Amino acid sequence: MKRDDLTGFALGGNKGRKLEYMLADALSQQAEVVVTCGATQSNFIRQLAAACAIFGLTCAAAVMELPFEYEALPPVLSRFGGNAYLDQLLGVDVRVHPNGTWEHLYELTEALAREYEAKGKRVYRIPIGGSSPLGAYAFLHAALELQAQTEPFDWIVTASSSGSTQTGLTYGFHETHTKVLGFVSDPEPEIVHDFVDLAAGLSKLLGEDPKLSASDFLIDTSFVGDGYGVPSPEGNEAIRWLARKEGLFLDPIYSGKAFSGLIAKVREGAIQGRVLFWHTGGVPSLFTLPESLAAKV
Ligand SMILES: *Cc1c(COP(=O)(O)O)cnc(C)c1O
C-alpha cells in the first residue's frame, strides 16, 4: 500500500502532492486568494485550506452537499463535522449552495473568483480536486518516486475522480508492464475524456507530444454504488475488513469503494501478481457517516 493518506497538509491525502506544485505556482503569480469548489465534505478543500494557511493566502470555496443529480435523496454524509469542521477551523471562506449540478457549481465558483477580483484581489483558480495538468504532473512524479522505491508491480489500484491522480500515474507507467486501474467514485463513463484532456495538458507542460488516448486508461465504474458521495454497502464492508485485518482506515466515498473493487477483482482472479493499492486518504469523512450507515459499518 502506498500511504498517501499520510502526506502533509491537514491530516494527509492524495491532494497533498498536487498542492506542492499548485501553491508554488500561486505564489509565483503573487496570488492573494485561491478559489476552488467541491462537495461539502471535499478532502481537497481541507488540504488546500491548510496549505493556504501556511503560506498566508485566503482560501475561498463554493460547495454543494450533493453536486450531482439523484432521484431520491439517499443517506449521505453529514454536512457538518469531518472535513467541513476542519475547513471551519482553517478559516476557509466557504459558500454553501443548494444542491444542483456540477456545471452550476462551476458557474458559482467563477462568480466567487470575480467577487474577489472586484475587490482588487489577485485570484488563483484551481479546478475541482486540484485536477489541472500541474496536479497530474505531481502524480507523474509520484510514479517516478514509486519506481525508485521498489521492484515493479503488476497492478496499481487506486480511487479515481477528478482524474489527475490516475492520469499522472498512467503517464508514468505508460509502456511498462505495470497496469494502473482506477475505480471511479463518479459513475460517468465519459470521465475518461477528461483524463485524456488532462494527459494532453501534462504533455504540453512537459513539452512532449500527446501520448495517452482513451484506451490507455483502465477505469472501472461498477463499484460506485448509488452515486458520487453516497456510501456503498460493499465499500463499508471493505472499510471494516481492512480495519480488522491491518488496523488501517479507508474512507466511504473513494478509497473504501476502490478497495471493495480490488477485493472483488482479486476474488475473480482478474487481478493477480504483485499489487499496490494507492491509498488516497479521505479518512476525515469517516466521521460524518449518518447513524443509519455507521451502524452498518
Ligand atoms: C480526491 C480524492 C480521490 C480522487 O483523486 P483525483 O485525483 O481527484 O482523481 C481519491 N480518494 C480520495 C480520498 C480523494 O480525496
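Conventions used here
- Residues numbered from 1 in each chain as written.
- Predicted model: local features only at pLDDT ≥ 70, side-chain atom pairs only at ≥ 80, totals over all residues.
- Heavy atoms only, no water.
- Near = heavy atom within 4 Å.
- Polar contact = N/O pair within 3.5 Å; in protein donor to acceptor, adjacent residues only side chain to side chain.
- Areas by Shrake-Rupley, 256 points an atom, 1.4 Å probe, with all protein chains shown as cover.
- Helix = DSSP H or I, 4+ residues; strand = E, 2+ residues; numbered from the N terminus.
- Nonpolar A, V, L, I, M, F, W, Y, C, P; charged D, E, K, R; others polar.
- Buried < 20%, exposed > 50% of the residue type's maximum accessible area, 1.4 Å probe, protein only.
- Axes fitted to C-alpha atoms, helices over the stretch in contact; angles between N-to-C directions.
- Parallel < 35°, antiparallel > 145°, perpendicular 65-115°, else oblique.
- Left-handed = near helix turned anticlockwise from the far one by under 90°.
- Contact = heavy atoms within 4.5 Å.
- Expected span 1.5 Å × (residues − 1).
- Arc of directions from axis to C-beta.
- 1 Å grid on protein atoms, 1.4 Å probe; cavity = no way out; pocket = protein on both sides within 12 Å on 5 of 7 lines; lining within 4 Å.
- Points joined across faces, edges and corners; volume = space filled by probe spheres on them.
- Pairing = 2+ DSSP bridges.
- Salt bridge = Lys/Arg side-chain N within 4 Å of Asp/Glu carboxyl O.

## A look at the site of the ligand
Item 1. In the vicinity of the ligand there are 16 residues, among which Lys 15, Lys 18, Ser 162, Thr 165 and Thr 280 approach most closely.
Item 2. In the environment of the ligand, an oxygen atom lies 2.8 Å from a nitrogen or oxygen atom belonging to the side chain of Lys 15.
Item 3. At 2.5 Å, a side-chain N or O of Ser 162 approaches an oxygen atom of the ligand.
Item 4. Contact with the protein chains covers 97% of the free accessible surface of the ligand, which is 380 Å².
Item 5. Sorting the residues of the shell around the ligand by element identifies helix 1 (15-28), strand 6 (155-160) and helix 6 (164-173) as the ones contributing at least two each.
Item 6. Residue classes in the shell around the ligand are distributed as two nonpolar, 11 polar and three charged.

## Side note on unusual backbone geometry
Item 1. The backbone of Phe 9 shows a phi angle near 70 degrees, a positive value even though the residue is not glycine.
Item 2. By the secondary structure assignment, Phe 9 is in the loop between strand 1 (2-3) and helix 1.
Item 3. If you check the backbone angles, Gln 30 has positive phi at about 55 degrees while not being a glycine.
Item 4. By the element assignment, Gln 30 lies in the loop between helix 1 and strand 2 (33-39).
Item 5. Judged by relative accessible area, which is 54%, Gln 30 ranks as exposed.

## Considering the packing of helix 1 against helix 2 (residues 43-55)
Item 1. Here helix 1 crosses helix 2 at 45 degrees, and the two axes come no closer than 10 Å. In terms of orientation, helix 1 and helix 2 fall into the oblique class. Of the two possible hands of crossing, helix 1 and helix 2 adopt the one that is right-handed. Taking contact as the criterion, the partners of Lys 15, Gly 16, Leu 19, Leu 23 and Leu 27 in helix 1 are, on helix 2, Phe 44, Gln 47, Leu 48, Ala 51, Cys 52 and Phe 55.
Item 2. Here the contact of helix 1 with helix 2 is built from residues that sort into eight nonpolar, two polar and one charged.

## Some remarks on the environment of Arg 122
Item 1. Position of Arg 122 relative to the elements: it lies in the loop between helix 4 (102-118) and strand 5 (123-125).
Item 2. Residues in contact with Arg 122, not counting those within four places in the same chain, are Gln 29, Gln 30, Ala 31, Glu 32 and Val 33.
Item 3. Here Gln 29 takes part through its backbone oxygen, which lies 2.9 Å from a polar atom of the side chain of Arg 122.

## What about helix 8 (residues 233-246)?
Item 1. End to end, helix 8 covers 20 Å across 14 residues, agreeing with the expected 20 Å (1.5 Å per residue, within 8%).
Item 2. Turning to helix 8, its buried residues are Gly 235, Asn 236, Ala 238, Ile 239 and Leu 242. On an axial view of helix 8, the arc spanned by its buried residues comes to 155 degrees, and they lie on one face. Residues of helix 8 that are exposed and point more than 90 degrees away from the buried face comprise Pro 233, Arg 244 and Lys 245.
Item 3. For helix 8, the elements touching its buried residues are helix 9 (255-268) and helix 10 (291-294).
Item 4. Looking at the residues trailing helix 8, positive phi occurs at Gly 247, about 70 degrees.

## Some thoughts on the layout of surface pockets
Item 1. Looking at the largest pocket, its volume works out to about 800 Å³.
Item 2. Of all elements in the fold, only helix 1, strand 2, helix 2, helix 4, strand 6, helix 6 and helix 7 (191-206) reach the threshold of two or more residues within the lining of the largest pocket.
Item 3. Here the lining of the largest pocket takes four residues from helix 7, the largest share from any one element.
Item 4. Among the residues making up the lining of the largest pocket, the classes are represented as 16 nonpolar, 18 polar and nine charged.

## Describing the sheet that holds strand 8 (residues 218-220)
Backbone-to-backbone hydrogen bonds join strands into a sheet, with any given pair of strands oriented parallel or antiparallel.
Item 1. Spatially, five strands are ordered 1-9-6-7-8 in an open sheet, and the strand pairing comes out parallel. Since the sheet does not close on itself, it has two edges, and those belong to strand 1 and strand 8, each with one partner.
Item 2. Where strand 1 meets strand 9 (residues 275-279), two bridges bridge the pair, whose relative direction is parallel. Among the inter-strand pairings, Arg 3 is bridged to a residue of strand 9, identified as His 279.

## Topic: the pattern of salt bridges
Item 1. Under the criterion given, the structure shown has 13 salt bridges.
Item 2. Measuring nitrogen to oxygen at the nearest pair gives 2.6 Å for the salt bridge that ties Glu 145 to Lys 2. Taken as a pair, Glu 145 in helix 5 (residues 133-149) and Lys 2 in strand 1 lie far apart in primary sequence, 143 residues in all.
Item 3. Overall, Glu 145 belongs to the partly exposed group, its relative accessible area being 32%.
Item 4. Each of Lys 2, Asp 4, Arg 17 and Glu 145 takes part in salt bridges that share partners, so that together they form one network.

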